[in-house]
Every structure is written in C-alpha cells, then in structure tokens.
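Listed here are the chains, written in short residue letters.
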Amino acid sequence: QVQVVESGGGLVQPGGSLRLSCAASESFFRFNRIGWHRQAPGKERELVAAWRPYGSTAYTDSVKGRFTISTDNDKNTVYLQMNSLKPEDTAVYYCSLTDQLWGPYKYWGQGTQVTVSS
C-alpha cells in the first residue's frame, strides 16, 4: 500500500501564504499524475492542481496564478505553494497520486486543514 501524508496546513490571514507538503512512500517515477484536491464544508471535493512527469501542470481557474504545484523527486515529496489566500480557499486539502493516465486518483492522504480568516 502506498502511503501518502500531508502536512503544512493551519490558520492564515487573507492575503497570506502557506506551503503544503505531501510525502509519498514510493518513488515518483512510479506515478503518472500527482494532484492536490480540496473539500470545503457543504461542497464537493475538487481538483485544484495537478502535476505530470516532465513538468506539466494544470490548475483550476479559481487558484490559477496564486497556487503552484511542484515536486522534489529525491525526497518523494510534492508541494502546494499557496499565495494571496482568500477565505474561500478554506478547506481540507488532500494530496493524491496515481499510476493511471486518466480516471480517478488511487492513493490519498488523510488531508490537512487550511483556514483563511482574519
């Protein structure tokens, strides 16, 4: 079983920044997609950022220009740098990985809470 653990969540003021980290138990060479999802109270989980080998990335419109996904293959770690945070960014953030080129992500972390409030 692939282990996925997120960290770095917390309370931040609007306009602030936060960096989330996700550690995986296996090499990133194994995976074709790595993503960050979030789920706010009363809302469905959404994919906010995705990464594929050779550096391709994609972002949902609501975070484009503010969030950046990146990886450190030597550490088997993926990051989500979040800048200019807004209250509507408040959610539980999940890291996920998969060896599939399409479809649902297979391996998930437990989630980390991000709260943006003054």
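Details of the structure are given in the entry above.
Anyway, here's the lowdown on the structure attached to this text. (Residues numbered from 1 in each chain as written. Predicted model: local features only at pLDDT ≥ 70, side-chain atom pairs only at ≥ 80, totals over all residues. Heavy atoms only, no water.)

## Details of the state of the cysteines
A covalent bond between the sulfur atoms of two cysteines is referred to as a disulfide.
Reasoning step 1: Following the criterion strictly, the structure yields 1 disulfide and no others.
Reasoning step 2: A sulfur-sulfur separation of 2.1 Å characterises the disulfide bridge that pairs C22 with C95. Between C22 and C95, the S-S dihedral sits near -80°, and the bridge is therefore left-handed. One end of the pair, C22, is in strand β3 (residues 18–24); the other, C95, is in strand β9 (residues 91–98), with 73 residues separating them in the sequence. (Disulfide = S-S within 2.5 Å. Helix = DSSP H or I, 4+ residues; strand = E, 2+ residues; numbered from the N terminus.)

## Focus: the pattern of salt bridges
Reasoning step 1: Going through the model one piece at a time under the given rule, you end up with 6 salt bridges.
Reasoning step 2: The shortest N-O distance in the salt bridge between D89 and R38 comes to 2.9 Å. One end of the pair, D89, is in the loop between β8 (77–82) and β9; the other, R38, is in strand β4 (residues 33–39), and 51 residues separate them in sequence. Across the pair, R38 and D89 agree in class, each one buried.
Reasoning step 3: Where D89 meets R66, a salt bridge forms, and the shortest distance between an N and an O atom there is 2.8 Å. Separated by 23 residues along the polypeptide, D89 in the loop between β8 and β9 and R66 in the loop between β6 (56–59) and β7 (67–72) bring together distant segments of the chain.
Reasoning step 4: On the basis of relative accessible area, D89 is assigned to the buried category, the value being 1%.
Reasoning step 5: Members of the salt-bridge network, linked through shared partners, are R38, E46, R66 and D89. (Salt bridge = Lys/Arg side-chain N within 4 Å of Asp/Glu carboxyl O. Buried < 20%, exposed > 50% of the residue type's maximum accessible area, 1.4 Å probe, protein only.)

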